[in-house]
Amino acid sequence: QGSSIASPGDRTGRLLDDFAITHRRSNYLHIIMARFMPAAICDCVADFRAKLHSGDKRTMAVLAVAVFFAVTPLDITQLLLFILGAGAYALSQPFKVSGRRRPAKGVPASSPKRNTPAHRGSGRSVAGEATPMKQYTVASAPRISQPKTQMAPVATPSVQPVAAPSFQASGWDAQVNELVESLLPMPESNRAVEHLADEVRRTVLQMVPEAEVVAFASSEPLRRRAYGVAVPDVDIVVSCDPMVLSARLAANKVRGTQKEIRQQQKVALRSFTDRLVATGGFKFRRSAFSADEPKVTLLATDGANSMPFDMSVNSPTPLHNAALMTECGRLDARARALILVVRRWARDRGICYAAKGHLSPYCWTLLAIYFLQVSGEGDRVLPPLHGFKAASSLAGKAQAGGEGLAAVPRDAASVEELSAPKVQKSVGSLFKDFVTFYAGCFDAEKEAVSVRSGRRAAPSLRLPLHVMLQEDGRTREVAPSVE
């Protein structure tokens, strides 16, 4: 109304409105025209229709010539089928059921004037009238998807919250000793672990009769503590020849590559887990297939004593951990006690969950042993790894060339000298020194934690460099290299 010249979009809109009113049964045609035909073509169609309705002889002649040339190439059979189809379509139109909705009971019929320009432009639905037809434009606005509202996390109370232990003794050293006594496995817990191993062994041997199932308990498993399911105290290892596993589980044969070995371990763990959960005595908690040694965490539901445990296939880490802790207890009882305190402290602080990027409990064991090896001249509690009679084979082959941590003294005198402490310190004092050593004395950029060498030296070039990214996303810090 405010301009004498209408834009192509306005002309197209008026054209589509008139077309929709005149031909209600061709609703889809004007939708296609509005979406896919340019404004110029719409204008041409509108001019042609206007001339045709006005009875322009020239336009009718052009239409007749166009129909003639369109029909001429057809033979008599096609022409007859065309006429019959057009006649059948014309006869079927009066009997076609209208797609208009019937008004609900109690609601008056639609007003016959609902298609007037006032109703058509208002876009409203008056009471007692049907909703007017949607107005389509050439350039329809894109749909804007509403963002999904995310539910805010609701804090729920933990089943086993972190609680400060209560002690009957008084004094730091006495309370630490009392804590160590509570962390040592009891005879009842050893029997429970053996019973758990028997249940797992019975199920695994049904699938792989050649397998061996061994259970290790690093601490008291029956005492419920915080993060007990996230970091279990019990490890169950299924040992079997890789070729036998491939044959029994119908898996691909292993050719010796690390990738194929890890893939076979995952297949075996999935099969064992499915069978254990199907028996009804175990519940699946989580899997860690992206780790260097794949494992799953299960929960044994045997009455009131539910026991979480980690299960792995052909994994050497639980065996190494058990061998080192046993040998440390044989050399000096304080060494095993310190390892238990350090592992308990790391778990209660929430910094030993390997899936979150923390050091694993086995790494915290190595840190404690290394501290006892390199502490002050008169405070050394443990010798290098070759001084461990039962666990010296864990060192493997010595590195050649005397590079970095490879040069290790191997004479018996040096071992005796390193393993004979001059000053007896309590476990509480050793734990304080442990925290002080790694907080201020140990230089992660220039040293490496090597239980094999048992001395402070630069890391070998064979050890990977670990870099930590701080919370600000910019500051970087070198993490300890643990051999």
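Rules used throughout
Residues numbered from 1 in each chain as written. Predicted model: local features only at pLDDT ≥ 70, side-chain atom pairs only at ≥ 80, totals over all residues. Heavy atoms only, no water. pLDDT = per-residue confidence, 0-100. Contact = heavy atoms within 4.5 Å. Pairing = 2+ DSSP bridges. Helix = DSSP H or I, 4+ residues; strand = E, 2+ residues; numbered from the N terminus. 1 Å grid on protein atoms, 1.4 Å probe; cavity = no way out; pocket = protein on both sides within 12 Å on 5 of 7 lines; lining within 4 Å. Points joined across faces, edges and corners; volume = space filled by probe spheres on them. Nonpolar A, V, L, I, M, F, W, Y, C, P; charged D, E, K, R; others polar. Axes fitted to C-alpha atoms, helices over the stretch in contact; angles between N-to-C directions. Parallel < 35°, antiparallel > 145°, perpendicular 65-115°, else oblique. Left-handed = near helix turned anticlockwise from the far one by under 90°. Polar contact = N/O pair within 3.5 Å; in protein donor to acceptor, adjacent residues only side chain to side chain. Buried < 20%, exposed > 50% of the residue type's maximum accessible area, 1.4 Å probe, protein only. Expected span 1.5 Å × (residues − 1). Phe/Tyr/Trp six-rings, centres within 6.5 Å; stacked < 30°, edge-to-face > 60°.

**Student:** Hey, could you run me through the confidence of the model for the chain in this one?
**Tutor:** Low pLDDT marks regions whose predicted coordinates should not be analysed in detail. Taken residue by residue, the chain gives an average pLDDT of 76. The fraction at 70 or more is 67%. Low pLDDT, under 50, characterises residues 23–27; the predicted model gives this stretch 7 contacts beyond four residues in sequence or across chains. Low pLDDT (under 50) marks residues 397–419, which in the prediction has 39 contacts with non-local residues, meaning those over four places away or in another chain.

**Student:** I would appreciate a short explanation of the pairing of strand β4 (residues 295–302) in the present structure.
**Tutor:** Consecutive residues of a regular strand have side chains that alternate between opposite faces of the sheet. Here strand β3 (residues 282–288) runs beside β4; their pairing, made up of 6 bridges, is antiparallel. The residue of β4 that forms the bridge with Phe 284 is Leu 298. Counting the residues between successive antiparallel strands, the hairpin from β3 to β4 contains 6 residues.

**Student:** Would you explain unusual backbone geometry in this entry?
**Tutor:** Peptide bonds are, in most cases, trans, and in most cases residues other than glycine have a negative phi. Positive phi, normally seen in glycine, also occurs at Asn 314, with a value near 55 degrees. When you line up the elements, Asn 314 lands in the loop between β5 (305–313) and α11 (317–331).

**Student:** Got a minute to help me understand empty space enclosed by the protein in this structure?
**Tutor:** Leftover empty space is mapped by rolling, across the atoms, a probe with the size of a water molecule. Per the stated rule, a full pass over the model turns up 1 cavity of 30 Å³ or more. Estimated volume of the largest cavity: approximately 130 Å³. As for the largest cavity, its lining consists of 13 residues, of which Ser 219, Asp 233, Arg 343, Arg 344 and Arg 347 are closest to the centre. The element best represented in the lining of the largest cavity is helix α12 (residues 333–348), accounting for 4 residues. The residue makeup of the lining of the largest cavity, split by class, is 6 nonpolar, 2 polar and 5 charged.

**Student:** So what exactly am I meant to see when it comes to the packing of α11 against helix α13 (residues 361–374) here?
**Tutor:** Two measures define how a pair of helices packs: the angle their axes make with one another and the distance between the axes. Running from N to C, α11 and α13 point in directions that differ by 30 degrees, and their axes come no closer than 10 Å. On the basis of their axis angle, the class for α11 and α13 is roughly parallel. When you trace α11 past α13, the crossing you get is left-handed. Facing α11, whose interface residues are Thr 317, His 320, Asn 321, Leu 324, Met 325 and Cys 328, α13 presents Tyr 362, Thr 365, Leu 366 and Ile 369. Partitioned by chemical class, the residues of the contact of α11 with α13 number 6 nonpolar, 4 polar and no charged.

**Student:** Where do I start with the side chain of Asp 332 in this structure?
**Tutor:** Positionally, Asp 332 belongs in the loop between α11 and α12. For Asp 332, the side chain forms a polar contact with the main-chain nitrogen of Arg 334, separated by 2.9 Å.

**Student:** Would you mind going over the packing of helix α7 (residues 172–183) against helix α15 (residues 427–441) with me for this structure?
**Tutor:** Packing of α7 against α15 brings their axes to within 8 Å, and their N-to-C directions diverge by 95 degrees. Judged on the interaxial angle alone, α15 and α7 are roughly perpendicular. Along its contact with α7, which presents Trp 172, Asp 173, Val 176, Asn 177 and Val 180, the element α15 presents Val 427, Gly 428, Ser 429, Phe 431 and Lys 432. Among the residues forming the contact of α7 with α15, the class breakdown is 5 nonpolar, 3 polar and 2 charged.

**Student:** Mind showing me how you'd approach the environment of Pro 318 here?
**Tutor:** Along the chain, the position of Pro 318 falls in helix α11. Assessed through its relative accessible area of 9%, Pro 318 is described here as buried. Between the C-alpha atoms of Pro 318 and Ser 218, which are 100 residues apart in sequence, the distance is 9.0 Å. What Pro 318 contacts, discounting residues up to four positions off in sequence, is Phe 216, Asp 235, Val 237, Glu 293 and Ser 312.

**Student:** Any chance you could explain α15 here in plain terms?
**Tutor:** Helical geometry: 3.6 residues make up each α-helical turn, so side chains three or four residues apart lie on a common side. End to end, α15 covers 20 Å across 15 residues, agreeing with the expected 21 Å (1.5 Å per residue, within 8%). Of all the positions in α15, only Val 427, Gly 428, Leu 430, Phe 431, Phe 434, Phe 437 and Tyr 438 are classed as buried. Residues of α15 that are buried make contact with α7, α12 and α13.

**Student:** Would you explain the packing of aromatic side chains in this entry?
**Tutor:** What describes a pair of aromatic rings is the distance from one ring centre to the other and the angle between the planes of the rings. In this structure the tally under the stated criterion is 11 aromatic pairs. With a centroid separation of 5.9 Å and an interplanar angle of 85 degrees, the aromatic rings of Phe 371 and Phe 434 are classed as edge-to-face. Of this pair, Phe 371 sits in helix α13 while Phe 434 sits in helix α15; the two residues are 63 residues apart in sequence, bridging distant segments of the chain. No difference in accessibility class separates Phe 371 from Phe 434, as the two residues are buried. Ring centres of Phe 437 and Tyr 438 lie 4.8 Å apart, and the angle between their planes is 80 degrees; on these two criteria the pair is classed as edge-to-face.

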